[in-house]
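Tertiary structure, described
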Amino acid sequence: MSIFSRIFNAKKQENHSLEEGFSAGQYKIPHHLAIIMDGNGRWAKKRHLPRVAGHKEGMETVKKVTKLANAAGINVLTVYAFSTENWSRPNDEVSFLMKLPVTFFDTFVPELIEQNVRVATIGDIDRLPETTKQAVLDAKEKTAQNTGLILNFALNYGGQQEIVDAARELAREVAAGDRLIEQIDRDSLAERLTTGFLGQYANPDLIVRTSGEERLSNFLPYQAAYSELYFTDVFWPDFDKADFEAALAAYTKRDRRFGNVKA
Ligand code: IPE
Ligand code: IPE
Ligand code: MG
């Protein structure tokens, strides 16, 4: 498919989703939506397919949800793509997962540019295979000037390690005499987490997890302190516009008190 027909199709699909009755106006829109994309393996198993078929299909869901998030006016969409614990999976699955970003960006970057979406990452991308890392860096560079939705991939991300790394950095500054212990506070710690670059949007307003599991699995443990949590039984490859809207509808009804009392 040529770049132009891809862009055309992307536009058509986006308009189509709006024509279908998706009007963001009826929902409270989170600034930062974070998704634990889970259930790819079970989706495939149910169809007697290899687990990796679920990952491939899951990649298509990321494309669809990116368009929906953009149309809804969400500022940051963080998707948990690979955890530091996922290295323990069988080698062939890990190597398939490492190839996915290459295919994903190869086919999707022109649409991301057309949609004004900026690609970002959290997690340690230096430890990814070289070709994977290059594909990610290339996508970031090509979309760096975009000012719309930030599509933020958690890649080789582990929340506990992230806190350890930030603590070490602060300790180093103290040891070097550049910081007083009293100057270690929530702001200086948050700035040193890999979400620091998101500034006021670093903490997700809403975290969605698919596939029926109800845990964080080392995803944004510090940033999730006051996030609203939404769980759905749907497997990630099946997650569609109706599920996206159901999550927004649930979020719209939530009363976020942040420890205060209702006004
Ligand atoms: C989520 O799907 C994708 C990754 C963790 C990379 P899973 O691969 O965890 O699918 P299930 O949980 O085994 O069904
Ligand atoms: C969390 O899912 C990681 C990602 C979605 C990338 P897992 O499937 O790895 O989590 P657990 O093992 O069920 O907790
Ligand atoms: Mg899983």
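Residues numbered from 1 in each chain as written. Chains lettered and ligands numbered in written order. Predicted model: local features only at pLDDT ≥ 70, side-chain atom pairs only at ≥ 80, totals over all residues. Heavy atoms only, no water.

1. Describing the environment of K28
- Positionally, K28 belongs in the loop between α1 (3-19) and β1 (32-36).
- What makes K28 partly exposed here is its relative accessible area of 33%.
- As a C-alpha pair, K28 and A72 span 44 residues in sequence and 9.8 Å in three-dimensional space.
- Contact partners of K28, with chain neighbours within four places excluded, come to L248, Y251, T252 and R254.
- Within the local environment of K28, its side chain forms a polar contact with the backbone oxygen of R254, the two atoms lying 3.1 Å apart. (Helix = DSSP H or I, 4+ residues; strand = E, 2+ residues; numbered from the N terminus. Buried < 20%, exposed > 50% of the residue type's maximum accessible area, 1.4 Å probe, protein only. Contact = heavy atoms within 4.5 Å. Polar contact = N/O pair within 3.5 Å; in protein donor to acceptor, adjacent residues only side chain to side chain.)

2. Considering the site of ligand 2
- Lining the immediate environment of ligand 2, one finds I36, M37, D38, Y80, A81, F82, N86, R89, R209, R215 and S217.
- A distance of 3.3 Å separates an oxygen atom of ligand 2 from a polar side-chain atom of D38.
- R215 places a polar side-chain atom, nitrogen or oxygen, 2.8 Å from an oxygen atom of ligand 2.
- Taking a 2 Å distance to the grid points as the criterion, the majority of the atoms of ligand 2 fall inside the largest pocket.
- Looking at side-chain class alone, the shell around ligand 2 contains five nonpolar, two polar and four charged residues. (Near = heavy atom within 4 Å. 1 Å grid on protein atoms, 1.4 Å probe; cavity = no way out; pocket = protein on both sides within 12 Å on 5 of 7 lines; lining within 4 Å. Sits in = over half its atoms within 2 Å of the grid points. Nonpolar A, V, L, I, M, F, W, Y, C, P; charged D, E, K, R; others polar.)

3. Overview of helix α4 (residues 91-114)
- Taking 1.5 Å of rise per residue, the 24 residues of α4 would be expected to cover 34 Å, and the 36 Å separating its terminal C-alpha atoms lies within 8% of that figure.
- Maximal helix bending in α4 amounts to about 50 degrees, located at F108; proline P110 follows within four positions. (Expected span 1.5 Å × (residues − 1). Bend = angle between axes of the 7 residues up to and from the residue.)

4. Comments concerning the pattern of salt bridges
- Within this structure, the stated rule accounts for 22 salt bridges.
- Put simply, R89 and E93 hold a salt bridge, and the shortest N to O gap is 2.8 Å.
- Accessibility expressed as a relative area gives 27% for R89, which makes it partly exposed.
- You can call E93 buried: its relative accessible area is 5%. (Salt bridge = Lys/Arg side-chain N within 4 Å of Asp/Glu carboxyl O.)

5. Brief notes about the pairing of strand β6 (residues 228-231)
- With burial as the criterion, only one face of β6 is covered, namely that bearing E228 and Y230; the residues L229 and F231 on the opposite face remain uncovered.
- As judged from the four bridges shared by strand β5 (residues 206-209) and β6, these two strands associate in the parallel manner. Paired with I207 across the strands is L229, a residue of β6. (Pairing = 2+ DSSP bridges.)

6. Description of the packing of aromatic side chains
- Taken as a whole and judged by the stated rule, the model has 10 aromatic pairs.
- Residues F104 and F108 carry aromatic rings whose centres are separated by 5.2 Å and whose planes lie at 65 degrees to one another, so their mutual orientation is edge-to-face. Taken together, the positions of F104 and F108, both in helix α4 and four residues apart, correspond to about one turn of that helix. F108 carries the same exposure label as F104, and that label is buried.
- Here a set of aromatic residues connected by ring pairs shows up, and it is made of F104, F105, F108 and F153.
- One Lys or Arg, K28, reaches over the ring of Y251 and ends 4.9 Å from the middle of that ring. (Phe/Tyr/Trp six-rings, centres within 6.5 Å; stacked < 30°, edge-to-face > 60°. Lys NZ or Arg CZ within 6 Å of the ring centre and 35° of its normal.)

7. Looking at the UniProt feature "active site" (unreviewed entry) in the chain
- Here, UniProt's "active site" (unreviewed entry) annotation points to D38 and N86. What stands out for the annotated residues spanning 49 residues is how close their C-alpha atoms remain, the widest pair being 12.2 Å apart. None of the other annotated residues line the largest pocket; only D38 and N86 do.
- One can find D38 in the loop between β1 and α2 (40-46).
- Contacts of D38, omitting those with residues within four sequence positions, involve R209, T210, S211, E213, F235 and W236.
- Its location among the elements puts N86 in the loop between β2 (76-83) and α4.
- Here S83 takes part through its backbone nitrogen, which lies 2.8 Å from a polar atom of the side chain of N86. (UniProt positions renumbered as here; feature names shortened; annotations may be inferred.)

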